[in-house]
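A structural walkthrough
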Amino acid sequence: MTSLKTLCGASALALVAAAGAAQADKLTFYCSAQEDWCQLMANSFQDATGIDVAMTRKSSGETFAQIKAESANPKGDVWWGGTGDPHLQAAEEGLTAEYLSPMRDQLHPWAISQAESAGNKTIGIYSGALGYGYNADLLAANNLPEPACWKDLLKPEYKGHVQMANPNSSGTAYTTLATMMQLFGEDEGFDFMKGLHTNVNQYTKSGSAPIKAAGRGENTIGIVFMHDAVKQAVSGFPVKVVAPCEGTGYEIGSMSIIDGARNMDEAKKFYDWALSAEAQNLALQVNAFQVPSNKGAETSASAPDMSQITLIDYDFKKYGSSDERKRLLKKWDDEVSVLPQ
Amino acid sequence: MRQLASEKTTHPVLIFWIIAGWVGFFLLPWYGVEEFFAFEWLLDGYPFDTDYAPAAFLIGQGEKLWLAPMFVALLAPLWVIKKRKTDPLYAKVLILAGAFGFGWLIVQGFSIGIRGWNFDWAEAVFGDLGDRQFGMGYGALICASAFLFLFTQGIAARGAINGDVFVVSAIGGVIVIVTAFVFFPIAKMLTAAFITEEGGYSASVFAAKFFDDRLWGLGCLSGGRCGVAWNSLFLAVLVGLITTVLGLIFALVVTRSGFRYKRALRALTVLPIITPPFVIGLALILLFGLSGSVTVFFSDVFGIQPTRWLYGLPGVLIAQTLAFTPIAFLVLIGVVEGVSPSMEEAAQTLRASKWQVFKTVSLPLMRPGLANAFLLGFIESMADFGNPLVLGGNFDVLSTEIFFAIVGAQYDQGKAAVLAMVLLCFTLGAFYAQRFWLGKKSYTTVSGKGDSGVHPHMPRALSLPVLALAMIWAGFTAVVYLMIFYGSVVELWGVNNTLTFKHYITAFSFRLEEGGIRWSGAAWDSFWTTLKIAAIAAPLTAIVGLITAYLLTRQTFAGKNAFEFGTMLSFAIPGTVIGVSYILAFNVPPIEITGTGIILVVSFIFRNMPVGVRAGIASMSQLDKSLDESSLTLGANSWETFRRIILPLLRPAILAALVYSFVRAMTAISAVIFLVSAEYDMATSYIIGRVENNDYGLAIAYSTTLIFVMLSVVALMQVIVGRTEIGRRMTQSRTNV
């Protein structure tokens, strides 16, 4: 270690630069996926490359807030996982760095288009379709029909049985709002949101809370990403997953390199590695039911079958921009959330 | 001792700080060193390597020349070392040297940062610096302390606070650390309220966010929904009142009744305070939720349609009352015990009935305790984040709104800052209301005179309902905790009720191997970190808290009110705001501590210190000043008086501060979530990750383990700190000493 240091410390300035930074190869890894997946990614990358990984797991919103707060003196190197919006936001604010990975030709087109809409400052690593899940026991106990479409949720018999997150606080719910705009057009989309509002029993703060409540029997129907609903079902809760018949929007879980990363080379190594089929297959070990972005990676057998789901052509560039987001959220605030329930 | 120190011309304290300053400047690395206590830096080029060099060596090599002026401030005090304290020169030189050294250190720290000059105008005036500096290290820290205490000694020598060096230094020290770790970060965060989207400053941005209808709407009076601010206020007042009453009830049962199982009751009341967040909420959902056991029972037996009544104000109120009653209890028990029996006996001798004694003597003397308990309950409720998140339903409160303004889809730090200000105003209001209610009366009951009475029991008319309420509440708490324990030993809570220990095994398994134990469980890392951080933070918190309380109750100095408010500030602000403000403030030089354990310790000290302060004030306002005065008259200085007279009488307050800060460090979540790093992960953030991932069993098993660990630590603290023995006839067999 000492000799290594003397070597690179040829000039005093280089030494100063190395002061707070790494001596051995290491990587500070911000992870916004589920805990066990993060753990597995960190360990596997460490095993594959010998680079020391320091992993911190936080939700994507928390990580974004942290990267923003740290921007004067970045501490993280790479940010992996979590829904795409905060990654796009970070790119828009210049918090993340542009990088063209040699692995790009192995990826699905949606992963590349995510990158292109953000000036190559982020890239898609998995995708998951929006839908909803319901607690089959509660549905039966209340003698309710099984819903199959978005519009089914507007029926009066579901009053007080539907839960979704608040789009002001949750990326999932914002995706729902944006999906309705694209599926039904803005006017009809807002009519849908207003109709839904009368049936909603609670707007939760966190995106996956509605389906967790459904799993525990505290709520009947939860509007969430389908892989979150599958996860409840696989964990043993009586949850059924629905891919709405009208078609649906989706999220692209993303990865970005933090601008000014102290271990830029290691961050790029991780970036390339995380896009490989081998790294994306790790998802199979940890009950992650998203669709991987590498064409060669496998998808879990329990995952929602994407070929059976009608996906809309989601405009990430438009609906991910902060102006459009602010406009839609304000409109939802002013026109939907104030209505009586 | 005191006589000698002031007459002779040697000043041990002065010499100590002069030497400390020199050590900081000439021996210790000036800038922060990663893993300082591994001492690898000693062999790695110290003292010449610029990473590890002390300030003097840097200057000697022609580096960082802006540090040089501080050397003058270190030299100057040597000049007065042989002078008498009464010599005007003594005070003048120390004040000037201290102020200059400290001021220079701060100014250079803020002006020159990681990218050279921090201010554009400085670059314009002085030109490009061509150099930069990182966060300060131990050398700078020791130097700064030396300058500060040289300064305070100068002030004391000029005759401030009767020339008392200890008191002046303590005031100076507390002001500096509170400024650095409370005012500075919070100010940094709150300025966000005035920043426009373009990055400029504007008051209208603030006004627009502040006068939002979502904040102040009164729709609930006419059937709609009320503003977030009113929700929070209403909830906090209710929680403050209920927890104070329940806390008083428990304190009365424990100290003034013939109830036999006091210890069990005491343990039970402390239980909620040592419970990690979310757990109480989850247990309540499992009992009273739509599919909860109690709900299902009532629906099966009485045919009552299950509803979601729990989600909203009722649920949050129940959970917060469960969680914060122990705090009121901890504050009140010291006060109730401290009320002098002589006064009560005097009233009885004057033929007052038991009820009259209680109403006109005991209760009024407990007022400082009641007021402080209410204030704490109010503030805790305002800042609580976990319970509203789990049980709030559509009942939004400020703390959750703040959290989601920062981390939610809006990323609106300005809104968070405005909401935090509203919250702060409420707290400030409660704080002044409390002061107004207490007025200028004296609540002193423990004086130097012998006081060997025994507390009378409560009047009968009071004791029956009090006991009944205490029992009901204790029973309820017990049920909630049984549920929690049960949740940790079943396969999947609420779905598959097969008994299993697998959650404990996943979290806490270990193997005996050659060369020791291998901690193979998933939770060990965060567990040890949490324990370590909490153990470091707790005593520091108690010390800072009690010294502050001592200054506030025993000393008078200019700006005392502002000082008191400042110490309460960090407690009143929700953890989320603290967390983000700490990152904003301490991620860049001069104080660069993000990603270390230090930032966690510091955040815990300043978040939990107010409880030590409150408990200390409540107890100290009962101690007669004549105790201090007689100690001082007999020749002890104020440090000795504090240590030998006041401290031993403060044991309940010390215990409260220690227990609270330890437990809080282990269970805090909202601030911690921003401050944890890969190396310093805390138990609570690990638990939250597990809850998010549906691993309820593991999360609850971890929480249950934490509860048991904390219980034993609290018991241990109780033994170490001991009880206050105010000379009273405790039992029949033991006579007053």
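Fair warning: this is a prediction, and the values are worked out from it, not measured in the lab.

Some thoughts on the pattern of salt bridges
Residues and elements named next belong to chain A. Scanning all chains against the criterion turns up 17 salt bridges over all chains. With a closest N to O distance of 3.9 Å, Lys194 and Glu335 form a salt bridge. Of this pair, Lys194 sits in helix α9 (residues 186-199) while Glu335 sits in helix α15 (residues 322-336), and the two are 141 residues apart along the sequence. For Glu335, a relative accessible area of 33% translates into the label partly exposed. Each of the salt bridges in this network shares a partner with another, and the network as a whole consists of Glu186, Glu324, Arg327 and Lys331.

Considering the packing of helix α24 (residues 524-554) of chain B against helix α30 (residues 651-667) of chain B
Residues and elements named next belong to chain B. The contact between α24 and α30 brings their axes to 8 Å, and the two run at 145°. With respect to the hand of their crossing, α24 and α30 are arranged in right-handed fashion. Facing Thr530, Leu531, Ala534, Ala535, Ala538, Pro539, Thr541, Ala542 and Leu546 of α24, the residues of α30 in contact are Ala653, Ile654, Ala657, Leu658, Ser661, Phe662, Ala665 and Met666. Among the residues forming the contact of α24 with α30, the class breakdown is 14 nonpolar, 3 polar and no charged.

Quick look at the domain arrangement of chain B
Residues and elements named next belong to chain B. Under the domain assignment, chain B is made up of domain 1 (2-158), domain 2 (233-477) and domain 3 (523-721). Residue-level contacts link 9 residues of domain 1 with 7 residues of domain 3. Taken together, the two surfaces of domain 1 and domain 3 that pack against each other cover about 640 Å², and 62% of this comes from carbon and sulfur. Across the contact surface, domain 1 and domain 3 share 0 salt bridges. Taken together, the connections running from domain 1 to domain 3 amount to 2 residue pairs in polar contact (both at pLDDT 80 or more). Looking at the side of domain 1 that touches domain 3 residue by residue, the classes come out as 5 nonpolar, 3 polar and 1 charged.

What about the nonpolar core?
One finds B:Leu284 and B:Leu551 to be the most contacted residues of the largest nonpolar core, which totals 212 residues. At 15 residues, helix α15 (residues 313-338) of chain B tops the list of elements feeding residues into this core. Once you skip the residues sitting within four places of it in the chain, B:Leu284 turns out to touch B:Gly289, B:Leu310, B:Gly315, B:Ile318, B:Ala319, B:Leu322, B:Leu391, B:Phe476 and B:Val480. If you look at the next biggest cluster of nonpolar residues, it comprises 84 residues, including A:Ile123, A:Ala129, A:Leu153 and A:Tyr314.

Details of the environment of A:Leu100
All names here are of chain A. As for its placement among the helices and strands, Leu100 is situated in the loop between β4 (96-97) and α6 (109-116). According to the relative accessible area criterion, Leu100 is exposed, its value standing at 52%. Sequence spacing of Leu100 and Leu40 is 60 residues, and the spatial spacing of their C-alpha atoms is 25 Å.

Side note on the confidence of the model for chain B
All names here are of chain B. Mean pLDDT over chain B: 82, with 93% of residues reaching 70 or higher. Mean pLDDT in chain B bottoms out at helix α1 (residues 2-7), which sits at 45, and peaks at helix α7 (residues 138-157), which reaches 91. Low pLDDT (under 50) marks residues 729-737, which in the prediction has 10 contacts with non-local residues, meaning those over four places away or in another chain.

Things to note about unusual backbone geometry
Here A:Asn287, not a glycine, exhibits a phi torsion of approximately 55°, which is positive. If you trace the backbone, A:Asn287 turns up in the loop between α13 (277-280) and β11 (291-292). Even without a glycine there, the phi angle at B:Lys64 is positive, about 45°. Of note, B:Lys64 is situated in the loop between α3 (55-60) and α4 (69-75).

A few points about the packing of α15(B) against helix α18 (residues 367-383) of chain B
Residue and element names in this part refer to chain B. Contact pair α15 / α18: the axes reach a minimum separation of 9 Å and the direction vectors enclose 155°. Put simply, α15 runs roughly antiparallel to α18. Considering the relative orientation of α15 and α18, their crossing is right-handed. Of the residues in α18, those in contact with Gln320, Phe324, Ile327, Ala328, Val331, Leu332 and Val335 of α15 are Gly369, Leu370, Asn372, Ala373, Leu376, Glu380 and Ser381. Across the contact of α15 with α18, the residue classes break down as 9 nonpolar, 4 polar and 1 charged.

Things to note about the interface of chain A and chain B
Of the residues lining the interface, 65 residues belong to chain A; the matching set on chain B comes to 58 residues. Both sides together, the interface formed by chain A and chain B hides about 5100 Å², and carbon and sulfur atoms give 47% of it. For the pair chain A and chain B, the interface holds 2 salt bridges. When the shortest N-O distance is used, the salt bridge between A:Lys75 and B:Glu592 registers 3.7 Å. Summed over the shared surface of chain A and chain B, the result is 12 residue pairs in polar contact (both at pLDDT 80 or more). The class makeup of the residues in the side of chain A that touches chain B is 18 nonpolar, 26 polar and 21 charged.

What about the packing of aromatic side chains?
A full pass over the atoms with the stated rule returns 59 aromatic pairs over all chains. Between B:Phe181 and B:Phe586 the ring centres are 5.4 Å apart and the planes differ by 50°, which places this aromatic pair in the tilted class. Separated by 405 residues along the polypeptide, B:Phe181 in helix α8 (residues 165-190) and B:Phe586 in helix α26 (residues 575-586) bring together distant segments of the chain. Considering the side-chain rings of B:Phe508 and B:Trp524, the 5.2 Å spacing of their centres and the 80° angle between planes classify their relative orientation as edge-to-face. Of this pair, B:Phe508 sits in helix α23 (residues 502-508) while B:Trp524 sits in helix α24; the two residues are 16 residues apart in sequence, bridging distant segments of the chain. Grouping residues by exposure puts B:Phe508 and B:Trp524 together as buried. Ring-pair connections join several aromatic residues into one group, and the members of that group are A:Phe29, A:Trp37, A:Phe45, A:Trp80, A:Tyr126, A:Phe270 and A:Trp273. Above the face of the A:Tyr174 ring, A:Arg325 is positioned so that its terminal group lies 5.3 Å from the ring centre. Stacked on the ring of B:Tyr311, the Lys or Arg B:Arg308 has its end atom at 4.4 Å from the ring centre.

Conventions and cut-offs
Residues numbered from 1 in each chain as written. Chains lettered and ligands numbered in written order. Predicted model: local features only at pLDDT ≥ 70, side-chain atom pairs only at ≥ 80, totals over all residues. Heavy atoms only, no water. Salt bridge = Lys/Arg side-chain N within 4 Å of Asp/Glu carboxyl O. Helix = DSSP H or I, 4+ residues; strand = E, 2+ residues; numbered from the N terminus. Buried < 20%, exposed > 50% of the residue type's maximum accessible area, 1.4 Å probe, protein only. Axes fitted to C-alpha atoms, helices over the stretch in contact; angles between N-to-C directions. Left-handed = near helix turned anticlockwise from the far one by under 90°. Contact = heavy atoms within 4.5 Å. Nonpolar A, V, L, I, M, F, W, Y, C, P; charged D, E, K, R; others polar. Domains from an automatic or database assignment. Buried area = accessible area lost by both parts, 1.4 Å probe. Polar contact = N/O pair within 3.5 Å; in protein donor to acceptor, adjacent residues only side chain to side chain. Core = buried A, V, L, I, M, F, W, Y, C linked by side-chain atoms within 4.5 Å. pLDDT = per-residue confidence, 0-100. Parallel < 35°, antiparallel > 145°, perpendicular 65-115°, else oblique. Phe/Tyr/Trp six-rings, centres within 6.5 Å; stacked < 30°, edge-to-face > 60°. Lys NZ or Arg CZ within 6 Å of the ring centre and 35° of its normal.

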